[in-house]
Amino acid sequence: MKKSFEVMNVKCGGCANRVKEALKEEFGEVEVDVEQKSLTLEIEETQEEALKKKLKELGYPVVGDENGFFTKAKSFISCAIGKAQS
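Thresholds, definitions, all that
- Residues numbered from 1 in each chain as written.
- Predicted model: local features only at pLDDT ≥ 70, side-chain atom pairs only at ≥ 80, totals over all residues.
- Heavy atoms only, no water.
- Helix = DSSP H or I, 4+ residues; strand = E, 2+ residues; numbered from the N terminus.
- Buried < 20%, exposed > 50% of the residue type's maximum accessible area, 1.4 Å probe, protein only.
- Contact = heavy atoms within 4.5 Å.
- Salt bridge = Lys/Arg side-chain N within 4 Å of Asp/Glu carboxyl O.
- Core = buried A, V, L, I, M, F, W, Y, C linked by side-chain atoms within 4.5 Å.

On to the overall build of the protein chain. On a plain count of helices and strands, the protein chain comes out with three helices and three strands. In the protein chain, the order of α-helices and β-strands from amino to carboxyl end is β-α-β-β-α-α. Every one of the 86 residues in the protein chain was classed for burial, and the buried ones make up 40%. Across the protein chain, every contact between residues at least 6 apart in sequence was considered, and the portion connecting residues at least 24 apart equals 61%.

This is the structure in structure tokens:
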């Protein structure tokens, strides 16, 4: 089913590119809305925990999940990678 998640630390197109590329292989096409800080994708309920874990590893945790300094630092690195790949 198609589902949207509000995520933290998505600030620019670089962030969006990084999220899309990092999730593509495991989760398929992902739409990222930078202004709304959300992502939308086709996902089964059984895959949601894996998605949340992957987003946290990238530095873009789902709102309501753990947030901290290291998560924010990871998002800056992911953002830079996303900008370099675009």
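Still more ground to cover, so stick around.
Inspection of every chain in the model, using the stated rule, returns two salt bridges. Between K2 and E31 there is a salt bridge, with the nearest N and O atoms lying 3.4 Å from each other. Note that K2 is positioned in strand β1 (residues 2–6) and E31 in strand β2 (residues 30–33), a separation of 29 residues in sequence. A residue is classified by how much of its surface remains accessible, and E31, at 47% relative accessible area, is partly exposed.

Another point: the side chain of S38. Residue position: S38 is located in strand β3 (residues 38–42). The residues touching S38, leaving out its near neighbours within four places in the chain, are F5, E6, V7, E31, V32 and D33.

This next bit is on unusual backbone geometry. Not every positive phi belongs to a glycine, and N9 is a case in point at roughly 75°. By secondary structure assignment, the location of N9 is in the loop between β1 and α1 (13–27). Judged by relative accessible area, which is 9%, N9 ranks as buried. Of note in this structure, K37 is not a glycine but carries a positive phi near 50°.

Right, let's get into the environment of V63. Positionally, V63 belongs in the loop between α2 (48–58) and α3 (69–85). Looking at V63, the relative accessible area reads 41%, which means it is partly exposed. The spacing of V63 and M8 is 55 residues in sequence and 6.0 Å in space, taken between C-alpha atoms. Not counting the four nearest positions on each side in its chain, V63 is found in contact with E6, V7 and M8.

Further remarks concern the nonpolar core. Core analysis: the biggest nonpolar cluster contains 20 residues, and L23, L39, L41, L51 and L55 have the highest contact counts within it. Where this core is concerned, the elements lending two or more residues are α1, β2, β3 and α2. With six residues, α1 is the largest single contributor of residues to this core. The residues contacting L23, other than those within four sequence positions of it, are G28, V30, L39, L51, K54 and L55.

Everything listed here is a matter of geometry and, on its own, says nothing about what the molecule does.
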